[in-house]
Amino acid sequence: MASGEPKAKKIKLEEKKLSPNTLFGMGNPLLDISAVVDKDFLDKYGLKPNDQILAEDKHKEMFEEIVKKFKVEYHAGGSTQNSVKVAQWLIQEPHKVATFFGCIGKDKFGEILKKKAEEAHVDAHYYEQDEEPTGTCAACITGDNRSLVANLAAANCYKKDKHLDLEENWKLVEKAKVYYIAEAAMFAREQGFETEDIEEIVRKAQNLPKVNKKRQRIVVFTQGKDGTVMTTGGKVETFPVVKIDQSEIVDTNGAGDAFVGGFLSQLVQDRPLEQCIRAGHYAANVIIRRVGCTFPEKPDFH
């Protein structure tokens, strides 16, 4: 009996109690609007059955029309918001560990977005303005295909001085321990690395100048169905992803956002990096079996 007590105590000590607003994310908030549509609808707006585009002027009426004509589902979306939403889902309790900042419009879609963020238990603080409508992403589903049309609109109107610099908002920034702002698109090309070898890119990214010398840079690159590559210091490791049968894959669009969310959910709890990656793989594996960046009520991650 006595020998069991220290063990129980040790486990208790290892549990890290999370506080609200420990994770901070900032990006383009979009209201995801999903609906099964017909070919006529795609043709009317010149959409391909399986595509991903930014809205042009000819698509502006589409977002209202899809709501009027078809049965729609709404979700809080946008890449960074998806990631913090997935992180909060994996953390479960307490609520509002994840904070999110972004810009929306003072309109119906903005109100829905606020409600959806609340349902996801994310502490969303939006800068609301009336120059542009709330950003939306329509997912037009036909059979197994999804045509995505994103209208950034208000997401592009964020004003640092009118939101981030406000004392009550800056306090939330200061409360956070982990920050996720944006992903690096075409990172290697932008940096002029002149290589396509993933391990070489990871090494070069690791050696980029760094302001905070006290903490080592961690570089993680996902490669879809291929292994995830991570480096800390000079050591490069590859972690295989969770195997999944092709027939079980429903939608891969939210996989990257989900991986980041899973990774962050463990990072804020100071878990080992291997576990951060395992959680990222788990989250991505859950999300690709469903339409959109959605998930069941409770995670099954251990």
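Residues numbered from 1 in each chain as written. Predicted model: local features only at pLDDT ≥ 70, side-chain atom pairs only at ≥ 80, totals over all residues. Heavy atoms only, no water.

In the annotation of an unreviewed UniProt entry, the entry for the protein chain reads Adenosine kinase, and the organism field reads Chanos chanos. Under the Function (unreviewed entry) heading, UniProt states for the protein chain: "ATP dependent phosphorylation of adenosine and other related nucleoside analogs to monophosphate derivatives." Recorded in UniProt under Catalytic activity (unreviewed entry), the annotation for the protein chain is "adenosine + ATP = AMP + ADP + H(+)". (UniProt positions renumbered as here; feature names shortened; annotations may be inferred.)

A. Seen up close, the environment of Tyr127. Within the fold, Tyr127 resides in strand 6 (residues 123–129). Residue class for Tyr127 comes out buried when judged on its relative accessible area of 12%. Sequence spacing of Tyr127 and Leu113 is 14 residues, and the spatial spacing of their C-alpha atoms is 13 Å. Filtering out sequence-adjacent residues up to four positions away, Tyr127 remains in contact with Gly102, Cys103, Ile104, Cys157, Tyr158, Lys159, Lys162 and His163. (Helix = DSSP H or I, 4+ residues; strand = E, 2+ residues; numbered from the N terminus. Buried < 20%, exposed > 50% of the residue type's maximum accessible area, 1.4 Å probe, protein only. Contact = heavy atoms within 4.5 Å.)

B. Quick peek at the sheet that holds strand 10 (residues 218–223). In spatial order, the strands read 10-11-12; together these three strands make up an open sheet with antiparallel pairing. With one partner strand each, in any of the chains shown, strand 10 and strand 12 (235–239) form the two edges of the open sheet. Between one strand and the next, the sheet's axes are offset by a mean angle of 15 degrees, whatever the strand orientation. Sheet topology places strand 10 next to strand 11 (residues 226–232); five bridges connect them, and they run antiparallel. By the bridge assignment for strand 11, Val220 is matched with Met230. (Pairing = 2+ DSSP bridges. Axes fitted to C-alpha atoms, helices over the stretch in contact; angles between N-to-C directions.)

C. Just the pairing of strand 2 (residues 30–36), in detail. For strand 2, a buried count of six out of seven residues is recorded, marking the element as mostly surrounded by other parts of the structure. Sheet topology places strand 2 next to strand 4 (residues 72–77); six bridges connect them, and they run antiparallel. From the neighbouring strand, Ala35 faces strand 4, where its bridge partner is Val72. Strand direction decides the pairing type here: strand 2 and strand 7 (residues 136–142), joined by six bridges, are parallel. Its bridge partner lying in strand 7, Asp32 is registered against Cys137.

D. Local environment of the layout of surface pockets. Taken as a whole, the second largest pocket spans an internal volume of roughly 400 Å³. Lining the second largest pocket are 19 residues, and of these Trp89, Glu119, Ala120, His121 and Phe295 lie nearest its centre. Breaking the lining of the second largest pocket down by element, the ones donating at least two residues are strand 4, helix 4 (79–91) and helix 5 (108–119). (1 Å grid on protein atoms, 1.4 Å probe; cavity = no way out; pocket = protein on both sides within 12 Å on 5 of 7 lines; lining within 4 Å. Points joined across faces, edges and corners; volume = space filled by probe spheres on them.)

E. Examining the UniProt feature "active site" (unreviewed entry) in the protein chain more closely. Sites flagged by UniProt as "active site" (unreviewed entry) map to Asp257. When you line up the elements, Asp257 lands in helix 9 (residues 255–267). What makes Asp257 buried here is its relative accessible area of 12%. A distance of 2.8 Å separates the side chain of Asp257 from the side chain of Ser79, its partner in a polar contact. (Polar contact = N/O pair within 3.5 Å; in protein donor to acceptor, adjacent residues only side chain to side chain.)

F. Up close: the pairing of strand 6. Here seven bridges tie strand 5 (residues 98–105) to strand 6, and the two strands are oriented parallel to one another. Paired with Ile104 across the two strands is Glu128, which belongs to strand 6. For the handedness criterion, the β-α-β arrangement of strand 5, helix 5 and strand 6 is classed as right-handed. (Right-handed = clockwise from strand over helix to strand, strands pointing away.)

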